[in-house]
Amino acid sequence: MGQLHGCCGIFLEMTTEDRYCPQCAGRLRDSSVEGVRRPVCPDCGRIVYYDPKLATAMILERGGAVLLVRRATEPGLGLWSLPGGYVDRGEVVEEAAVREVWEETGLRTRVARLVGVFSEKGSPVVLVVYAGEILEGEPQAREEVMEVDFFDVGEMPPLAFERDRDIVAGRLGD
Ligand SMILES: [Zn+2]
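> Please give an account of the pairing of strand S2 (residues 36-40) that cites residues and values.
Inspection of the sheet shows strand S1 (residues 29-33) paired to S2 by five bridges, in the antiparallel sense. Note on S2: the bridge partner recorded for Asp30 is Pro39. Linking two consecutive strands that pair antiparallel, namely S1 and S2, is a turn of two residues; a positive phi of about 50 degrees is found at Glu34 within it.

> Break down the coordination of the zinc ion for me, with residues and values.
All of the protein donors around the zinc ion are Cys21 (SG), Cys24 (SG), Cys41 (SG) and Cys44 (SG); their distances to the metal are 2.2 to 2.4 Å. Note that the zinc ion binds four donor atoms; their angles at the metal cover 102 to 121 degrees, and the shape is tetrahedral. Here the donor residues of the zinc ion share one chain and are spaced in sequence as C-x2-C-x16-C-x2-C. Relative accessible area serves as the criterion here: at 5%, Cys21 is assigned to the buried category.

> Describe in detail the sheet that holds strand S8 (residues 108-119), supporting the description with residues and values.
Spatial ordering of the open sheet is given by S7-S3-S9-S8, a layout of four strands whose pairing is mixed. Looking at which strands have only one partner, the edges of the open sheet turn out to be strand S7 (84-86) and S8. Ignoring strand direction, the axes of neighbouring strands in this sheet form an average angle of 20 degrees. Here S8 runs beside strand S9 (residues 125-136); their pairing, made up of ten bridges, is antiparallel. In the sheet register, Gly116 faces S9, and the bridge partner there is Val129. Contacting strand S3 (53-59), S7, S8 and S9, helix H1 (residues 93-105) crosses the sheet at an angle of about 65 degrees to S3.

Rules and cut-offs
- Residues numbered from 1 in each chain as written.
- Predicted model: local features only at pLDDT ≥ 70, side-chain atom pairs only at ≥ 80, totals over all residues.
- Heavy atoms only, no water.
- Pairing = 2+ DSSP bridges.
- Helix = DSSP H or I, 4+ residues; strand = E, 2+ residues; numbered from the N terminus.
- Donors = N, O, S within 2.8 Å, 3.2 Å for Na, K, Ca; no water.
- Tetrahedral: all angles 85-135°; square planar, octahedral: opposite > 155°, others 65-115°.
- Buried < 20%, exposed > 50% of the residue type's maximum accessible area, 1.4 Å probe, protein only.
- Axes fitted to C-alpha atoms, helices over the stretch in contact; angles between N-to-C directions.
- Contact = heavy atoms within 4.5 Å.

Encoded structure:
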């Protein structure tokens, strides 16, 4: 198995899916192309390009406090993060954010506005963060979550992704 990126659990190295060339079925070789690591086919020259991985999260506020979920999965098992997750291929990103919040907390929400798009050098994940509005429901821990709660920005619990702190602070600063 390949090595997982620490912040997001995405494979950074070749996995069983990209061991063979999609064009000629030749054995791929892990190579560096223009300084970026990519599998290359020595037989036909085919280069396999890895796409970024799109994730989305939602900031939901109530009385100045922000909703966080305590994760029941890796990465960040037992730590807190904004509710969210990966966007499915073909899915509208705003709908993915609403879906993830529903799956994790049982809240019906809608997207109010885009907060920002966040990426880091070396990380495969691109995170799209929205500010949302709660339409209906009381938060409860559901799929892949062991606890849900609202936190004041100055009193955030231990976070799975440190950048959530800056994202939330930036959101509340405007
Ligand atoms: Zn090939």
